[in-house]
Amino acid sequence: NVVIRDCDLASSESMLGVGSELSGGIRNVWMTRCRAAAVNNMVIVKTGRRRGGFVENVWVDRCTAKNVGQVLKVFTQYVAQWGRFPDFEIRRTPIRTIRLSDCSCVRARTAVLLEGDVREPVRDVVLSDVTVDEVEDRLSEVRNCQDVDLRGLRLGFPDG
């Protein structure tokens, strides 16, 4: 059980970063009323095929950022330094129940990138009342996921 509240970031890799080492599991994380000027990811969950563990119950509400790479990114193919070694054991990471609500950012390169494992899809992701004033590149990309609701995501586009 982790509570993160009332934080101000000038710049950082992520407002909330979960992973990549998840072998013990992460459960019940709540971030609220945080602000950032520039972050690569507002929220990122990253893991790889050797990690195992689990991620469940991540709630983010009333957070704002000016410039972000992605509002939400879930990435299950993280390899980093381990990519050059053979897989002796595969331990996929179940990821479920991620909620973003009442969040906004001025500018994002991409709104949402969700990439689950084909054998262990990301499950139960909901965005409600999430606003991005300007999306630069891609709107969203969702692969190998189940029960994803992005209907609460409102996007604007740069002029031109």
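Residues numbered from 1 in each chain as written. Predicted model: local features only at pLDDT ≥ 70, side-chain atom pairs only at ≥ 80, totals over all residues. Heavy atoms only, no water.

Caption draft 1: Local environment of the side chain of D117. With respect to the helices, strands and loops of the structure, D117 is situated in the loop between β7 (95–115) and β8 (122–143). A polar side-chain atom of D117 sits 2.7 Å from the main-chain amide nitrogen of R119. Ignoring any residue separated from it by four or fewer positions in sequence, one finds D117 in contact with T76, Q77, R92 and N144. (Helix = DSSP H or I, 4+ residues; strand = E, 2+ residues; numbered from the N terminus. Polar contact = N/O pair within 3.5 Å; in protein donor to acceptor, adjacent residues only side chain to side chain. Contact = heavy atoms within 4.5 Å.)

Caption draft 2: Representation of empty space enclosed by the protein in the model. In total, this model carries one cavity of 30 Å³ or more according to the counting rule given. Roughly 50 Å³ of volume is contained in the largest cavity. For the lining of the largest cavity, the class distribution of residues is no nonpolar, four polar and four charged. (1 Å grid on protein atoms, 1.4 Å probe; cavity = no way out; pocket = protein on both sides within 12 Å on 5 of 7 lines; lining within 4 Å. Points joined across faces, edges and corners; volume = space filled by probe spheres on them. Nonpolar A, V, L, I, M, F, W, Y, C, P; charged D, E, K, R; others polar.)

Caption draft 3: Molecular detail of a nonpolar patch on the surface. Residues V3, W30 and W59 make up a contiguous nonpolar surface patch of roughly 270 Å² in combined accessible area. Topologically, V3 is positioned in strand β1 (residues 2–5). (Patch = residues over 30% accessible without salt bridge, like charges linked within 9 Å, V, L, I, M, F, W, Y side chains within 5 Å. Areas by Shrake-Rupley, 256 points an atom, 1.4 Å probe, with all protein chains shown as cover. Salt bridge = Lys/Arg side-chain N within 4 Å of Asp/Glu carboxyl O.)

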